[in-house]
Amino acid sequence: MKYDYLIVGAGLFGSVFAYEANKRGKKCLVIDKRDHIGGNVYCEDVDGINVHKYGAHIFHTSNKEIWNYINQFAEFNNYINSPVAVYKDELYNLPFNMNTFSKMWGIKTPSEAKDIIAQQIADLNITNPENLEEQALSLAGKDVYEKLIKGYTEKQWGRPCTELPAFIIKRLPFRFIYDNNYFNDRYQGIPIGGYTRIAEKMLDGVDVKLNMDYFELIKGNPEIADKIIYTGMIDEYFEYKLGALEYRSVRFETERIEEENFQGNAVVNYTDREVPFTRIIEHKHFEFGKQDFTIISREYSSEWKPGIEPYYPVNDDKNSALFAKYQELAEKEENVIFGGRLGAYKYYDMDKVIEAALGLVNEEL
Ligand code: UDP
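Residues numbered from 1 in each chain as written. Predicted model: local features only at pLDDT ≥ 70, side-chain atom pairs only at ≥ 80, totals over all residues. Heavy atoms only, no water.

Labelled according to an unreviewed UniProt entry, the protein appears under the name UDP-galactopyranose mutase, originating from Brotonthovivens ammoniilytica. Taken directly from UniProt, the Sequence similarities (unreviewed entry) text for the protein runs: "Belongs to the UDP-galactopyranose/dTDP-fucopyranose mutase family." Looking at the Cofactor (unreviewed entry) heading of the UniProt record, one finds this comment for the protein: "FAD". (UniProt positions renumbered as here; feature names shortened; annotations may be inferred.)

Structural data, given as C-alpha coordinates:
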(Lines give C-alpha, C1' and ligand atoms only; values in the text may rest on other atoms or scores of the structure.)
Protein backbone atom coordinates (compact mmCIF):
# COMPACT_ATOMS: atom_id res chain seq x y z
CA MET A 1 0.00 0.00 0.00
CA LYS A 2 1.50 3.32 -1.01
CA TYR A 3 0.82 6.49 0.96
CA ASP A 4 1.01 10.09 -0.14
CA TYR A 5 2.81 10.95 3.10
CA LEU A 6 4.76 9.02 5.67
CA ILE A 7 4.85 11.22 8.76
CA VAL A 8 7.58 10.30 11.19
CA GLY A 9 6.65 11.38 14.71
CA ALA A 10 3.15 11.68 16.16
CA GLY A 11 3.84 14.93 18.02
CA LEU A 12 2.16 18.27 17.38
CA PHE A 13 3.93 19.01 14.09
CA GLY A 14 3.22 15.60 12.59
CA SER A 15 -0.34 15.48 13.91
CA VAL A 16 -1.29 18.91 12.55
CA PHE A 17 0.18 18.04 9.17
CA ALA A 18 -1.57 14.66 9.13
CA TYR A 19 -4.90 16.23 10.07
CA GLU A 20 -4.71 18.79 7.29
CA ALA A 21 -3.44 16.34 4.68
CA ASN A 22 -6.12 13.79 5.58
CA LYS A 23 -8.77 16.50 5.33
CA ARG A 24 -7.57 17.19 1.79
CA GLY A 25 -7.89 13.55 0.80
CA LYS A 26 -4.21 12.61 1.10
CA LYS A 27 -3.41 9.16 2.37
CA CYS A 28 -1.13 9.43 5.39
CA LEU A 29 0.71 7.01 7.62
CA VAL A 30 1.94 8.39 10.93
CA ILE A 31 4.56 6.38 12.78
CA ASP A 32 6.14 6.88 16.16
CA LYS A 33 8.77 4.90 17.96
CA ARG A 34 7.04 5.52 21.28
CA ASP A 35 4.00 3.51 22.34
CA HIS A 36 1.69 6.55 22.29
CA ILE A 37 0.78 9.56 20.15
CA GLY A 38 1.18 13.22 21.10
CA GLY A 39 4.97 13.42 21.26
CA ASN A 40 6.10 15.53 24.19
CA VAL A 41 2.66 17.00 24.85
CA TYR A 42 1.42 13.53 25.82
CA CYS A 43 -0.29 13.38 29.21
CA GLU A 44 -1.22 10.28 31.16
CA ASP A 45 -4.44 10.29 33.13
CA VAL A 46 -3.63 8.97 36.61
CA ASP A 47 -6.89 8.69 38.55
CA GLY A 48 -8.12 11.97 37.13
CA ILE A 49 -4.86 13.93 37.19
CA ASN A 50 -3.30 14.59 33.78
CA VAL A 51 0.39 13.95 34.29
CA HIS A 52 2.57 15.83 31.78
CA LYS A 53 4.92 12.94 31.10
CA TYR A 54 7.48 14.93 29.12
CA GLY A 55 7.42 18.13 31.12
CA ALA A 56 4.89 20.86 31.76
CA HIS A 57 3.13 22.20 28.68
CA ILE A 58 1.20 25.44 29.01
CA PHE A 59 -0.37 26.63 25.81
CA HIS A 60 0.13 30.32 25.10
CA THR A 61 0.04 32.38 21.94
CA SER A 62 -0.53 35.87 20.65
CA ASN A 63 -1.61 34.55 17.27
CA LYS A 64 -5.39 34.57 17.12
CA GLU A 65 -5.45 32.24 14.13
CA ILE A 66 -3.43 29.63 16.03
CA TRP A 67 -5.59 30.08 19.11
CA ASN A 68 -8.75 29.52 17.04
CA TYR A 69 -7.08 26.59 15.32
CA ILE A 70 -6.22 24.72 18.53
CA ASN A 71 -9.64 25.51 19.98
CA GLN A 72 -11.20 23.29 17.30
CA PHE A 73 -9.73 20.35 19.15
CA ALA A 74 -10.31 21.34 22.77
CA GLU A 75 -11.76 23.95 25.02
CA PHE A 76 -9.12 25.62 27.19
CA ASN A 77 -9.34 26.43 30.89
CA ASN A 78 -8.29 29.76 32.39
CA TYR A 79 -4.97 28.60 33.90
CA ILE A 80 -2.38 31.37 34.02
CA ASN A 81 1.16 30.23 34.63
CA SER A 82 2.68 32.02 37.66
CA PRO A 83 5.64 30.01 38.90
CA VAL A 84 7.49 30.79 42.08
CA ALA A 85 11.23 30.47 42.59
CA VAL A 86 12.85 29.06 45.71
CA TYR A 87 16.41 30.21 46.37
CA LYS A 88 17.77 28.65 49.57
CA ASP A 89 15.25 29.78 52.22
CA GLU A 90 13.87 32.65 50.15
CA LEU A 91 10.84 32.57 47.86
CA TYR A 92 10.12 34.92 44.95
CA ASN A 93 7.45 35.39 42.33
CA LEU A 94 8.28 34.85 38.68
CA PRO A 95 8.63 36.13 36.06
CA PHE A 96 10.87 39.02 37.05
CA ASN A 97 8.42 41.73 38.06
CA MET A 98 7.61 44.21 40.84
CA ASN A 99 6.62 41.40 43.22
CA THR A 100 10.08 39.88 42.74
CA PHE A 101 11.89 43.21 43.11
CA SER A 102 9.85 44.29 46.10
CA LYS A 103 10.62 41.10 48.00
CA MET A 104 14.28 41.15 46.95
CA TRP A 105 14.96 44.75 48.01
CA GLY A 106 12.12 45.80 50.29
CA ILE A 107 11.02 48.52 47.86
CA LYS A 108 7.62 49.51 46.46
CA THR A 109 7.89 51.54 43.28
CA PRO A 110 9.17 50.90 39.76
CA SER A 111 11.58 53.81 39.95
CA GLU A 112 13.15 52.41 43.14
CA ALA A 113 13.58 49.05 41.40
CA LYS A 114 15.06 50.63 38.29
CA ASP A 115 17.51 52.64 40.41
CA ILE A 116 18.75 49.54 42.19
CA ILE A 117 19.20 47.62 38.94
CA ALA A 118 21.04 50.56 37.39
CA GLN A 119 23.37 50.81 40.43
CA GLN A 120 24.08 47.08 40.28
CA ILE A 121 25.18 47.13 36.67
CA ALA A 122 26.69 50.62 36.47
CA ASP A 123 30.28 49.40 36.34
CA LEU A 124 29.59 46.66 33.77
CA ASN A 125 28.95 48.91 30.77
CA ILE A 126 26.76 46.44 28.93
CA THR A 127 25.47 48.14 25.82
CA ASN A 128 24.77 45.25 23.50
CA PRO A 129 24.29 42.04 25.54
CA GLU A 130 26.13 39.25 23.79
CA ASN A 131 25.27 36.29 25.92
CA LEU A 132 22.69 35.17 28.48
CA GLU A 133 24.65 36.53 31.45
CA GLU A 134 24.96 40.03 30.00
CA GLN A 135 21.35 39.99 28.89
CA ALA A 136 20.08 38.92 32.32
CA LEU A 137 22.29 41.39 34.19
CA SER A 138 21.22 44.29 32.03
CA LEU A 139 17.54 43.47 32.48
CA ALA A 140 17.42 42.69 36.20
CA GLY A 141 20.71 43.46 37.91
CA LYS A 142 23.15 41.35 39.91
CA ASP A 143 20.93 40.12 42.75
CA VAL A 144 18.22 38.74 40.48
CA TYR A 145 20.82 37.24 38.16
CA GLU A 146 22.73 35.57 40.95
CA LYS A 147 19.76 34.32 42.97
CA LEU A 148 17.20 33.48 40.31
CA ILE A 149 18.92 33.02 36.97
CA LYS A 150 22.54 31.86 37.16
CA GLY A 151 22.13 28.60 39.07
CA TYR A 152 18.90 27.60 37.36
CA THR A 153 20.24 28.29 33.88
CA GLU A 154 23.50 26.48 34.47
CA LYS A 155 21.59 23.46 35.81
CA GLN A 156 19.16 23.48 32.91
CA TRP A 157 21.74 23.98 30.16
CA GLY A 158 24.90 22.48 31.71
CA ARG A 159 26.89 25.44 30.36
CA PRO A 160 28.04 28.76 31.82
CA CYS A 161 25.63 31.64 31.18
CA THR A 162 28.40 33.44 29.30
CA GLU A 163 28.32 30.69 26.66
CA LEU A 164 24.57 30.66 26.14
CA PRO A 165 22.63 32.79 23.65
CA ALA A 166 20.83 35.84 25.04
CA PHE A 167 17.52 34.86 23.39
CA ILE A 168 16.96 32.06 25.94
CA ILE A 169 16.36 34.56 28.74
CA LYS A 170 14.45 36.94 26.49
CA ARG A 171 11.72 34.29 26.40
CA LEU A 172 10.72 35.53 29.85
CA PRO A 173 8.98 38.82 30.67
CA PHE A 174 10.88 41.38 32.75
CA ARG A 175 8.40 44.00 33.86
CA PHE A 176 7.99 46.86 36.28
CA ILE A 177 4.39 46.17 37.16
CA TYR A 178 2.97 43.79 39.78
CA ASP A 179 2.07 40.97 37.40
CA ASN A 180 3.05 37.32 37.92
CA ASN A 181 1.82 36.05 34.56
CA TYR A 182 4.78 34.12 33.13
CA PHE A 183 3.75 34.93 29.57
CA ASN A 184 2.97 38.14 27.72
CA ASP A 185 0.72 36.36 25.26
CA ARG A 186 -2.89 37.31 24.65
CA TYR A 187 -4.21 33.73 24.94
CA GLN A 188 -3.26 31.07 27.49
CA GLY A 189 -4.63 27.91 29.08
CA ILE A 190 -4.57 24.15 29.48
CA PRO A 191 -6.84 22.05 27.27
CA ILE A 192 -9.78 20.62 29.18
CA GLY A 193 -9.57 16.86 28.72
CA GLY A 194 -5.81 16.98 28.14
CA TYR A 195 -3.34 17.29 25.29
CA THR A 196 -3.49 13.62 24.35
CA ARG A 197 -7.14 14.06 23.41
CA ILE A 198 -6.11 16.85 20.98
CA ALA A 199 -3.66 14.51 19.26
CA GLU A 200 -6.34 11.79 19.13
CA LYS A 201 -8.73 14.15 17.42
CA MET A 202 -6.11 15.29 14.93
CA LEU A 203 -5.22 11.70 14.05
CA ASP A 204 -8.79 10.44 13.88
CA GLY A 205 -9.15 8.54 10.58
CA VAL A 206 -5.39 8.56 9.90
CA ASP A 207 -3.34 5.33 9.85
CA VAL A 208 -1.06 5.31 12.89
CA LYS A 209 1.58 2.75 13.77
CA LEU A 210 3.22 2.96 17.18
CA ASN A 211 6.42 1.29 18.43
CA MET A 212 7.72 1.68 14.91
CA ASP A 213 11.25 2.69 14.03
CA TYR A 214 11.56 4.77 10.86
CA PHE A 215 14.87 3.32 9.75
CA GLU A 216 13.61 -0.25 10.02
CA LEU A 217 10.36 0.56 8.24
CA ILE A 218 12.03 2.34 5.35
CA LYS A 219 14.65 -0.38 4.94
CA GLY A 220 11.96 -2.96 4.27
CA ASN A 221 9.57 -0.57 2.46
CA PRO A 222 11.52 2.12 0.63
CA GLU A 223 8.51 2.91 -1.56
CA ILE A 224 5.97 3.20 1.22
CA ALA A 225 5.13 6.87 0.53
CA ASP A 226 5.67 9.56 -2.09
CA LYS A 227 6.88 11.99 0.52
CA ILE A 228 8.21 11.88 4.06
CA ILE A 229 7.61 14.43 6.79
CA TYR A 230 10.39 13.80 9.31
CA THR A 231 10.13 15.25 12.81
CA GLY A 232 12.92 13.27 14.46
CA MET A 233 16.48 14.48 15.03
CA ILE A 234 17.89 15.79 11.79
CA ASP A 235 21.44 14.65 12.60
CA GLU A 236 20.25 11.14 13.40
CA TYR A 237 18.46 11.02 10.03
CA PHE A 238 21.80 11.67 8.33
CA GLU A 239 23.53 9.13 10.59
CA TYR A 240 25.50 11.92 12.33
CA LYS A 241 27.77 12.08 9.31
CA LEU A 242 28.71 15.73 9.92
CA GLY A 243 28.95 15.22 13.69
CA ALA A 244 26.33 15.15 16.43
CA LEU A 245 24.22 18.18 17.30
CA GLU A 246 23.91 18.82 21.05
CA TYR A 247 20.61 18.55 22.88
CA ARG A 248 19.60 18.81 26.52
CA SER A 249 17.58 16.04 28.03
CA VAL A 250 15.30 15.99 31.05
CA ARG A 251 14.57 13.19 33.48
CA PHE A 252 11.49 13.22 35.68
CA GLU A 253 11.13 11.64 39.09
CA THR A 254 7.40 11.37 39.51
CA GLU A 255 5.83 10.62 42.86
CA ARG A 256 2.29 10.16 44.11
CA ILE A 257 1.72 11.75 47.50
CA GLU A 258 -1.32 11.09 49.69
CA GLU A 259 -1.84 14.72 50.50
CA GLU A 260 -4.17 17.17 48.81
CA ASN A 261 -1.77 19.99 48.08
CA PHE A 262 2.00 19.56 48.15
CA GLN A 263 3.43 22.91 47.07
CA GLY A 264 0.46 25.20 46.42
CA ASN A 265 1.42 25.93 42.82
CA ALA A 266 1.82 24.03 39.55
CA VAL A 267 5.43 25.14 39.03
CA VAL A 268 8.08 25.80 41.67
CA ASN A 269 11.61 26.49 40.39
CA TYR A 270 14.67 25.72 42.50
CA THR A 271 17.18 28.29 41.42
CA ASP A 272 20.24 27.49 43.54
CA ARG A 273 22.87 25.14 42.19
CA GLU A 274 22.94 22.93 45.29
CA VAL A 275 19.43 21.53 44.70
CA PRO A 276 19.98 18.93 41.97
CA PHE A 277 16.64 19.39 40.18
CA THR A 278 15.48 22.53 38.37
CA ARG A 279 11.80 22.49 39.26
CA ILE A 280 8.92 20.56 40.77
CA ILE A 281 5.68 20.32 38.83
CA GLU A 282 2.46 19.56 40.73
CA HIS A 283 0.27 18.45 37.87
CA LYS A 284 -3.20 18.84 39.42
CA HIS A 285 -2.83 22.63 39.72
CA PHE A 286 -2.84 23.04 35.93
CA GLU A 287 -6.49 22.00 36.07
CA PHE A 288 -7.51 23.22 39.52
CA GLY A 289 -7.74 19.57 40.63
CA LYS A 290 -9.58 18.75 43.84
CA GLN A 291 -8.38 15.14 44.33
CA ASP A 292 -7.40 14.08 47.85
CA PHE A 293 -3.96 13.01 46.58
CA THR A 294 -1.39 14.69 44.37
CA ILE A 295 1.30 13.85 41.81
CA ILE A 296 4.56 15.74 41.57
CA SER A 297 7.52 15.50 39.19
CA ARG A 298 11.03 16.63 40.01
CA GLU A 299 12.84 17.67 36.86
CA TYR A 300 16.54 16.90 36.34
CA SER A 301 18.44 18.23 33.33
CA SER A 302 21.32 16.47 31.63
CA GLU A 303 23.26 16.43 28.40
CA TRP A 304 21.57 14.27 25.78
CA LYS A 305 23.27 11.05 24.78
CA PRO A 306 22.02 8.20 22.58
CA GLY A 307 19.36 6.12 24.32
CA ILE A 308 17.67 8.97 26.21
CA GLU A 309 15.08 11.50 25.01
CA PRO A 310 16.24 14.74 23.38
CA TYR A 311 14.25 17.80 24.54
CA TYR A 312 15.99 21.09 23.94
CA PRO A 313 18.24 21.96 21.01
CA VAL A 314 21.29 23.89 22.20
CA ASN A 315 21.10 26.83 19.81
CA ASP A 316 24.58 28.25 20.42
CA ASP A 317 26.95 29.33 17.62
CA LYS A 318 28.70 25.99 17.28
CA ASN A 319 25.49 23.98 16.98
CA SER A 320 23.80 26.56 14.76
CA ALA A 321 26.70 26.31 12.30
CA LEU A 322 26.50 22.52 12.29
CA PHE A 323 22.74 22.62 11.88
CA ALA A 324 23.11 24.92 8.85
CA LYS A 325 25.25 22.23 7.23
CA TYR A 326 22.63 19.58 7.95
CA GLN A 327 20.06 21.90 6.43
CA GLU A 328 22.06 21.94 3.21
CA LEU A 329 21.90 18.15 3.16
CA ALA A 330 18.19 18.29 3.95
CA GLU A 331 17.52 20.53 0.97
CA LYS A 332 19.14 17.99 -1.32
CA GLU A 333 17.15 15.12 0.18
CA GLU A 334 14.42 14.53 -2.35
CA ASN A 335 10.91 14.09 -1.04
CA VAL A 336 11.82 14.48 2.62
CA ILE A 337 10.74 17.52 4.63
CA PHE A 338 12.05 18.19 8.14
CA GLY A 339 9.98 19.86 10.85
CA GLY A 340 9.19 20.13 14.55
CA ARG A 341 11.55 20.90 17.45
CA LEU A 342 14.02 18.15 16.51
CA GLY A 343 13.75 18.32 12.71
CA ALA A 344 14.11 22.11 12.66
CA TYR A 345 16.52 22.17 15.66
CA LYS A 346 14.55 25.06 17.16
CA TYR A 347 13.50 25.97 20.71
CA TYR A 348 9.87 26.06 19.58
CA ASP A 349 6.84 26.63 21.80
CA MET A 350 3.67 24.73 20.91
CA ASP A 351 2.04 27.62 19.07
CA LYS A 352 5.12 28.09 16.92
CA VAL A 353 5.16 24.38 16.08
CA ILE A 354 1.55 24.58 14.91
CA GLU A 355 2.33 27.74 12.96
CA ALA A 356 5.24 26.01 11.24
CA ALA A 357 3.15 22.92 10.45
CA LEU A 358 0.37 25.04 8.96
CA GLY A 359 3.00 26.94 6.97
CA LEU A 360 4.13 23.65 5.49
CA VAL A 361 0.52 22.70 4.78
CA ASN A 362 0.14 25.90 2.76
CA GLU A 363 3.27 25.19 0.76
CA GLU A 364 2.63 21.51 0.24
CA LEU A 365 -1.08 20.94 -0.10
N1 UDP B 1 15.16 30.87 33.79
C2 UDP B 1 15.86 31.22 34.93
N3 UDP B 1 15.27 31.08 36.15
C4 UDP B 1 14.01 30.61 36.28
C5 UDP B 1 13.29 30.27 35.12
C6 UDP B 1 13.90 30.40 33.88
O7 UDP B 1 17.00 31.63 34.85
O8 UDP B 1 13.54 30.49 37.41
C9 UDP B 1 15.86 31.02 32.49
C10 UDP B 1 16.63 29.78 32.10
O11 UDP B 1 17.78 30.18 31.43
C12 UDP B 1 15.69 29.10 31.14
C13 UDP B 1 15.07 30.29 30.44
O14 UDP B 1 14.93 31.25 31.46
O15 UDP B 1 16.38 28.27 30.24
C16 UDP B 1 13.74 30.01 29.77
O17 UDP B 1 12.84 29.48 30.72
P18 UDP B 1 11.49 28.81 30.32
O19 UDP B 1 10.68 28.67 31.54
O20 UDP B 1 10.93 29.53 29.15
O21 UDP B 1 11.99 27.38 29.85
P22 UDP B 1 11.14 26.06 29.48
O23 UDP B 1 9.79 26.24 30.06
O24 UDP B 1 11.17 25.98 28.02
O25 UDP B 1 11.89 24.99 30.16
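Engineer: Go over helix α7 (residues 195-202), please, and point to the residues and values.
Structural biologist: Every buried residue of α7 is listed here: Tyr-195, Thr-196, Ile-198, Ala-199 and Met-202. Each buried residue of α7 lies within a common arc of 155° when the element is viewed along its axis, so the set occupies one face. (Buried < 20%, exposed > 50% of the residue type's maximum accessible area, 1.4 Å probe, protein only. Helix = DSSP H or I, 4+ residues; strand = E, 2+ residues; numbered from the N terminus. Arc of directions from axis to C-beta.)

Engineer: Pulling in residues and values, what's your account of the pattern of salt bridges?
Structural biologist: Scanning all chains against the criterion turns up 24 salt bridges. Glu-20 is the salt-bridge partner of Lys-23, the closest N and O atoms lying 3.4 Å from each other. With Lys-23 and Glu-20 both in helix α1 (residues 12-23), this residue pair falls 3 residues apart, about one helical turn. Relative accessible area serves as the criterion here: at 52%, Lys-23 is assigned to the exposed category. Of the charged contacts, one joins Lys-53 and Glu-44 as a salt bridge, the two residues approaching to 3.1 Å between their closest N and O atoms. Overall, the relative accessible area of 31% leaves Glu-44 in the partly exposed class. (Salt bridge = Lys/Arg side-chain N within 4 Å of Asp/Glu carboxyl O.)

Engineer: Explain the sheet that holds strand β2 (residues 28-31) to me, and be specific about the residues and the numbers.
Structural biologist: Taken in spatial order, the 5 strands make up an open sheet running β9-β2-β1-β10-β16, and their pairing is parallel. Here the strands that pair on one side only, and so sit at the sheet edges, are β9 (207-209) and β16 (336-338). For this sheet, the mean inter-axis angle between neighbouring strands, taken without regard to orientation, is 20°. Bridge analysis of strand β10 (residues 225-230) against β16 gives 3 bridges, and the strand direction is parallel. Within β16, the residue paired with Ile-229 across the bridge is Ile-337. (Pairing = 2+ DSSP bridges. Axes fitted to C-alpha atoms, helices over the stretch in contact; angles between N-to-C directions.)

Engineer: An account of the nonpolar core is needed here, citing residue identities and associated values.
Structural biologist: Ranked by internal contacts, the top residues of the largest apolar core, which has 113 residues, are Leu-6 and Ile-149. For this core, the element with the highest residue contribution is helix α5 (residues 132-157), accounting for 9 residues. Here Leu-6 is in contact with Leu-29, Ile-31, Tyr-214, Leu-217, Ile-218, Ile-224, Ala-225, Lys-227, Ile-228 and Ile-229, once residues within four sequence places are set aside. Val-84, Tyr-270, Val-275 and Phe-277 belong to the second largest nonpolar core, which has 10 residues in total. (Core = buried A, V, L, I, M, F, W, Y, C linked by side-chain atoms within 4.5 Å. Contact = heavy atoms within 4.5 Å.)

Engineer: Which residues make up the site of the ligand, and what are the values?
Structural biologist: The environment of the ligand is made up of 17 residues, and the closest members are Thr-153, Trp-157, Tyr-182, Tyr-312 and Tyr-347. Tyr-182 places a polar side-chain atom, nitrogen or oxygen, 2.6 Å from an oxygen atom of the ligand. Between the ligand and Arg-279, the relevant distance is 2.9 Å, taken from an oxygen atom to a side-chain nitrogen or oxygen of the residue. Look at the ligand: alone it shows 520 Å² of surface, and the protein chains cover 93% of it. Ranked by residues supplied to the shell around the ligand, first place goes to α5 with 6 residues. (Near = heavy atom within 4 Å. Polar contact = N/O pair within 3.5 Å; in protein donor to acceptor, adjacent residues only side chain to side chain. Areas by Shrake-Rupley, 256 points an atom, 1.4 Å probe, with all protein chains shown as cover.)

Engineer: Give a detailed account of the environment of Phe-174, specifying residues and quantitative values.
Structural biologist: Turning to its location among the elements, Phe-174 is positioned in the loop between α6 (167-170) and β8 (187-189). Relative accessible area serves as the criterion here: at 18%, Phe-174 is assigned to the buried category. Spatially, the C-alpha atoms of Phe-174 and Leu-12 are 29 Å apart, while their sequence positions differ by 162 residues. Those residues in contact with Phe-174, other than ones at most four positions away along the chain, are Phe-96, Leu-139, Ala-140, Ile-149 and Ile-169.

Engineer: Would you mind going over α1 in detail, with residue names and values included?
Structural biologist: Taking 1.5 Å of rise per residue, 12 residues should cover 16 Å, and α1 covers 16 Å from first to last C-alpha, within 8% of that figure. With 10 of its 12 residues buried, α1 lies for the most part within the structure. If you check which residues of α1 are buried, you get Leu-12, Phe-13, Gly-14, Ser-15, Val-16, Phe-17, Ala-18, Tyr-19, Glu-20 and Ala-21. Gly-25 occupies a position one or two residues after α1 and carries a positive phi of about 80°. (Expected span 1.5 Å × (residues − 1).)

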